[in-house]
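Geometric and topological summary
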Amino acid sequence: MLRGDTVYLRALEADDLAFLYEIENDGSVWGLASDTLTPISHYSLERYLDAAAADFYEVRQLRLVICAAADGAAVGTVDLFNFEPHHRRAAVGIMVLQNRRRAGYAAEALLLTQRYARRTLHLHQLYCTIAGNNQASLRLFRGAGFRRVGVRRQWLSTDVGWEDAVEMQCVLTGQ
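Since we're looking at a predicted model, the values are computed, not measured.

The next subject is the overall build of the protein. A tally of helices and strands in the protein yields five helices and eight strands. Tracing the protein from N to C terminus, the helices and strands come up as β-β-α-α-α-β-β-β-α-β-α-β-β. In terms of overall size, the protein behaves like a compact globule, its C-alpha atoms giving a radius of gyration of 16 Å where 175 residues would be expected to give roughly 16 Å. Based on the C-alpha atoms only, the size of the protein along its principal axes is roughly 40 × 40 × 35 Å. Taking all 175 residues of the protein together, the buried fraction comes to 39%. Looking at the protein alone, contacts between residues at least 24 apart form 60% of all its contacts between residues at least 6 apart.

A word on the pattern of salt bridges. Think of it this way: side chains of opposite charge can pair up when their charged atoms draw near. Counted by the stated rule, this structure contains six salt bridges. Asp-71 serves as the salt-bridge partner of Arg-100, at 4.0 Å between the closest nitrogen and oxygen. Separated by 29 residues along the polypeptide, Arg-100 in the loop between strand E5 (89–96) and helix H4 (105–119) and Asp-71 in the loop between strand E3 (62–68) and strand E4 (74–84) bring together distant segments of the chain. One salt-bridge network, held together by shared partners, links Glu-24, Arg-63 and Asp-79.

By secondary structure assignment, the location of Leu-17 is in helix H1 (residues 17–24). With a relative accessible area of 18%, Leu-17 lands in the buried category. Through-space distance from the C-alpha of Leu-17 to that of Gly-143 is 31 Å; in sequence the pair is 126 residues apart. Excluding anything up to four places from it in sequence, Leu-17 contacts His-42, Leu-45, Glu-46 and Leu-49.

A sheet is described by the order of its strands in space; here eight strands give the open sequence E1-E2-E3-E4-E5-E6-E8-E7, paired in mixed fashion. Looking at the sheet topology across the chains shown, the edges are occupied by strand E1 (2–3) and strand E7 (147–158). Pairing analysis gives two bridges linking E1 to strand E2 (residues 7–11), with the strands arranged antiparallel. What sits directly across from Arg-3, in E2, is Tyr-8. Sheet strands touched by H1: E3, E4 and E5. Its angle to E4, the strand with the most contacts, is close to 75°. On the sheet, helix H5 (residues 135–143) packs against E5, strand E6 (125–131), E7 and strand E8 (161–171) and is oriented at approximately 165° with respect to E6.

Core analysis: the biggest nonpolar cluster contains 35 residues, and Ile-66, Val-92, Leu-123, Leu-126, Phe-141, Phe-146 and Met-168 have the highest contact counts within it. Ranked by the residues each element gives to this core, the list is headed by H4, at seven residues. When near neighbours in sequence (up to four residues on either side) are disregarded, Leu-126 contacts Leu-80, Ala-90, Val-92, Gln-114, Ala-117, Phe-146, Met-168, Gln-169, Cys-170 and Leu-172. Core analysis: the next-biggest nonpolar cluster, separate from the first, contains twelve residues, Tyr-8, Leu-17, Phe-19 and Leu-49 among them.

To continue, consider the side chain of Gln-114. Within the secondary structure layout, Gln-114 lies in helix H4. Residue class for Gln-114 comes out buried when judged on its relative accessible area of 0%.

With that out of the way, let us pick up the layout of surface pockets. For the second largest pocket, the calculated volume is near 210 Å³. Considering the residues around the second largest pocket, the lining is formed by Ala-11, Leu-12, Glu-13, Ala-14, Leu-49, Ala-52, Ala-53, Ala-54, Leu-62, Arg-63, Leu-64 and Tyr-116. In terms of residue count, E3 provides more of the lining of the second largest pocket than any other element does, three residues in total.

Residues Arg-102, Arg-139, Arg-142 and Arg-148 make up a contiguous surface patch of positive charge. When you line up the elements, Arg-142 lands in helix H5. Look at Arg-142 and you get partly exposed, because its relative accessible area is 42%.

Criteria and thresholds
- Residues numbered from 1 in each chain as written.
- Predicted model: local features only at pLDDT ≥ 70, side-chain atom pairs only at ≥ 80, totals over all residues.
- Heavy atoms only, no water.
- Helix = DSSP H or I, 4+ residues; strand = E, 2+ residues; numbered from the N terminus.
- Rg over C-alpha atoms; globule rule 2.2 N^0.38 Å.
- Buried < 20%, exposed > 50% of the residue type's maximum accessible area, 1.4 Å probe, protein only.
- Contact = heavy atoms within 4.5 Å.
- Salt bridge = Lys/Arg side-chain N within 4 Å of Asp/Glu carboxyl O.
- Pairing = 2+ DSSP bridges.
- Axes fitted to C-alpha atoms, helices over the stretch in contact; angles between N-to-C directions.
- Core = buried A, V, L, I, M, F, W, Y, C linked by side-chain atoms within 4.5 Å.
- 1 Å grid on protein atoms, 1.4 Å probe; cavity = no way out; pocket = protein on both sides within 12 Å on 5 of 7 lines; lining within 4 Å.
- Points joined across faces, edges and corners; volume = space filled by probe spheres on them.
- Patch = residues over 30% accessible without salt bridge, like charges linked within 9 Å, V, L, I, M, F, W, Y side chains within 5 Å.
- Areas by Shrake-Rupley, 256 points an atom, 1.4 Å probe, with all protein chains shown as cover.
- Lys, Arg positive; Asp, Glu negative; His and termini not counted.
- Charge placed at Lys NZ, Arg CZ, Asp CG, Glu CD.

Structural data, given as structure tokens:
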């Protein structure tokens, strides 16, 4: 387990089904924080949980549950995906339940993830894509040492038009 002052990160467990159902079906982030546009079923999530223990190097992705240190409640997830072993890099994404945001959980979870990626997974860098209007996420990743490396213009389709996507990366040397 990866521990901080306000959160700890743990592997997915079979009893996380209801939590995953809630977080995966949060329509407010569909299309911006992910490419998801449709609800996901309990059945699909059960199959996902069955395979969650697979080796990172085999499936090239890892999801960890963010838990509040105070009460052990699952408050979010952090994902490493698009893992490229030769170049030792992976994309990172983080999601905190809407009613648990602005409590510092994401910031500490991201720092724990960076440390784990560097020291245990031996990754050289992490990167992410953030909707250009998502100021909270841009601040979060900047605060964790990520630097803007580019912008994809009109990359994300929204209900009100097109949104730019900001590309960020963090070289993990010295983390």
